[in-house]
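# Residue-level structural notes
If you want the building blocks of each chain, they are given just below.
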Amino acid sequence: MFSIAYIIVFFIYASMALLYSYANETGKMWIKAVSVLLFVFFFGFRGFVGDDWLIYYPVFDNMYSDNADNVLSFVAGSDLEPGFNFLQALCKFIYPNYHFFVFVCCLLQCGLLYNFFRKRIDNLPFAFMVFVSMSGYGLEINLLRNSISLFICLNALDFLKERKALPYFALCVLAMSIHVSAVIFIPLYFFLHKHLPRWIYIAVFIFSALFLLAQVNFIGPLLLYVASFFGEFFVELVRNYIEGEMTAIKGFLSVGFLERLFTGILIICYYDKLVSINKENVLFINAFLLYFLSFALFREFEVASRRIALLFVFSYWILWCDLLKCFVYKGNRMLYAMFLLCYGVLKIHSMTNEPKMEYDNILFGAKSYEERYTIYMINKKELF
């Protein structure tokens, strides 16, 4: 079972989260330190796991970074974003080993994520537990550029809350230099902090749920209509795009849909309590609404809906932690914690139980690029 290593890490974080709630200040400090070290050990020293390395390893391996001219030439000529290219070139110049580059990226990710969590969640291992179960593994292993870019934007939220436009937009531009998807955070400055009345939240939430249940397709026909003004060539291009990789999400009554529905209902029930716990939760409630709405509006295109929604998945990492504080009775808190544990295992298993996600660690002997590439291609052929 390829998901065993990931589930073990999840349970280690869960155990440390429980210990943290009973520890004194010194104990809490040590538990936080171990949480960070586990993150760096597991992600920073991983081998060729997932599939992002299929893109980045050949680029890194063929890069010349022995002088400034070669670095500038590489940064300007690559299809990847310039900030990410510069990071690759700098790592190659310091130590020309791909795993060193992955380790440096992990340190950046961990530092940015830790800084985001420490200001909002006291129980750090609990935050990491929620993180790895809610898209964290996918972000760290399969979305290298996206994750660094997203974590930069999460640290920019401090300036959004304080209405400091210049540093906020500066961090967004920096994030865009790593991955262009960060552009979506620029318009968020103008409305993500708005405290919506609960009835507006409920209305948008119900609309999104009904829109998903109705299986309405409107983006595809809209794109075809717009393309018709530019000629048959563009119509055919859009049609091929729609009928190709970007296929509609099948089975809307999935476990994921029920999870989003369950979370949305909890937020409705504890809306005022969440805001009273932390006024900044307004940002995360609005982000969850955008997360749910993204799945609804872009359901015709599975890849697009998941990639857009992923930019707002950080709302779970905060709200699921703070929802635990909303339950008055201990029994309800225990039931909620059991739900997080059971659902976390189910989610992690579904995300990681495939050959490409088989975990190995370079400190204990990892498969070579050639070995992992062969395994990946064999399993890819079997799928088809």
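Report follows, based on the coordinates.

Cut-offs applied
Residues numbered from 1 in each chain as written. Predicted model: local features only at pLDDT ≥ 70, side-chain atom pairs only at ≥ 80, totals over all residues. Heavy atoms only, no water. Helix = DSSP H or I, 4+ residues; strand = E, 2+ residues; numbered from the N terminus. Buried < 20%, exposed > 50% of the residue type's maximum accessible area, 1.4 Å probe, protein only. Contact = heavy atoms within 4.5 Å. Areas by Shrake-Rupley, 256 points an atom, 1.4 Å probe, with all protein chains shown as cover. Salt bridge = Lys/Arg side-chain N within 4 Å of Asp/Glu carboxyl O. Expected span 1.5 Å × (residues − 1). Arc of directions from axis to C-beta. Phe/Tyr/Trp six-rings, centres within 6.5 Å; stacked < 30°, edge-to-face > 60°. 1 Å grid on protein atoms, 1.4 Å probe; cavity = no way out; pocket = protein on both sides within 12 Å on 5 of 7 lines; lining within 4 Å. Points joined across faces, edges and corners; volume = space filled by probe spheres on them. Core = buried A, V, L, I, M, F, W, Y, C linked by side-chain atoms within 4.5 Å. Disulfide = S-S within 2.5 Å. Nonpolar A, V, L, I, M, F, W, Y, C, P; charged D, E, K, R; others polar.

## Here we look at the overall build of the chain
In terms of regular secondary structure, the chain is built from 20 helices and zero strands. Looking at the chain residue by residue over its 384 residues, the buried ones come to 49%. Long-range contacts, defined as pairs at least 24 residues apart, comprise 78% of the intrachain contacts of the chain with a sequence gap of at least 6. By element, 69% of the accessible surface of the chain is carried by carbon and sulfur atoms, the whole surface being about 18600 Å².

## Concerning the pattern of salt bridges
Under the criterion given, the structure shown has eleven salt bridges. Here Asp51 makes a salt bridge to Lys356, at a shortest N to O gap of 2.6 Å. Taken together, the positions of Asp51 in the loop between helix 2 (25–44) and helix 3 (53–61) and Lys356 in the loop between helix 19 (330–352) and helix 20 (369–383) put the pair 305 residues apart, joining distant regions of the chain. Exposure remark for Lys356: the relative accessible area of 23% places this residue in the partly exposed category. Across the pair Glu358 and Lys367 runs a salt bridge, and its minimum N-O distance is 3.6 Å. Residue classification places Glu358 among the partly exposed positions, given a relative accessible area of 27%. Under the relative-accessibility criterion, Lys367 is labelled partly exposed at 27%. One salt-bridge network, in which partners are shared between bridges, spans Lys119, Arg120, Asp158 and Glu280.

## Some remarks on the environment of Phe126
Within the secondary structure, Phe126 sits in helix 7 (residues 124–142). When its relative accessible area of 11% is taken as the criterion, Phe126 is described as buried. Setting aside anything within four residues of it in sequence, one finds Phe126 in contact with Ala17, Trp320, Cys321, Leu324 and Leu340.

## Looking at the side chain of Ser135
The residue Ser135 is located in helix 7 in this model. The buried category is assigned to Ser135, whose relative accessible area is 15%. When sequence neighbours within four positions are dropped, the list of residues in contact with Ser135 reads Leu310, Val313 and Met351.

## Some points on helix 11 (residues 198–214)
End to end, helix 11 covers 24 Å across 17 residues, agreeing with the expected 24 Å (1.5 Å per residue, within 8%). Those residues of helix 11 that fall on the buried side of the exposure criterion are Tyr201, Phe205, Ser208, Ala209, Phe211 and Leu212. Around the axis of helix 11, the buried residues are gathered within 160° of arc, so they sit on the same side. Structural note: helix 11 exposes Trp199, Leu210 and Ala214 on the side pointing more than 90 degrees away from its buried face. In this structure, the buried side of helix 11 is in contact with helix 14 (255–269), helix 15 (271–277) and helix 16 (281–297).

## Quick word on the packing of aromatic side chains
Per the counting criterion, the structure on display carries 60 aromatic pairs. Note on Phe288 and Tyr291: the rings are 6.3 Å apart at their centroids and 25° apart in plane angle, and the pair reads as stacked. In this pair, Phe288 and Tyr291 are both assigned in helix 16, three residues apart and thus about one turn of the helix distant. Measuring from centroid to centroid gives 5.2 Å for Tyr291 and Phe295, while their planes differ by 75°, and the two rings are edge-to-face.

## Some thoughts on the layout of surface pockets
Approximately 670 Å³ is the volume found for the second largest pocket. Along the wall of the second largest pocket there are 23 residues; nearest its centre are Ala17, Leu18, Ser21, Leu324 and Ala337.

## What about the nonpolar core?
Judged by nonpolar contacts, the single largest core of 115 residues is most densely connected at Phe117, Phe314 and Trp317. Discounting residues that sit within four places of it in the chain, Phe314 has contacts with Leu150, Leu154, Leu157, Phe185, Phe284 and Ala287.

## Focus on the state of the cysteines
Working definition: the covalent bond between the sulfur atoms of two cysteines is a disulfide. Following the criterion strictly, the structure yields zero disulfides and no others. No disulfide involves Cys110; its sulfur sits 6.0 Å from the nearest other cysteine sulfur, which is in Cys106.

## A closer look at empty space enclosed by the protein
Counted according to the given criterion, the structure contains one cavity of 30 Å³ or more. Approximately 60 Å³ is the volume attributed to the largest cavity. Split into classes, the residues belonging to the lining of the largest cavity amount to seven nonpolar, one polar and two charged.

Fair warning: the whole summary comes from geometry, so function is off the table for now.
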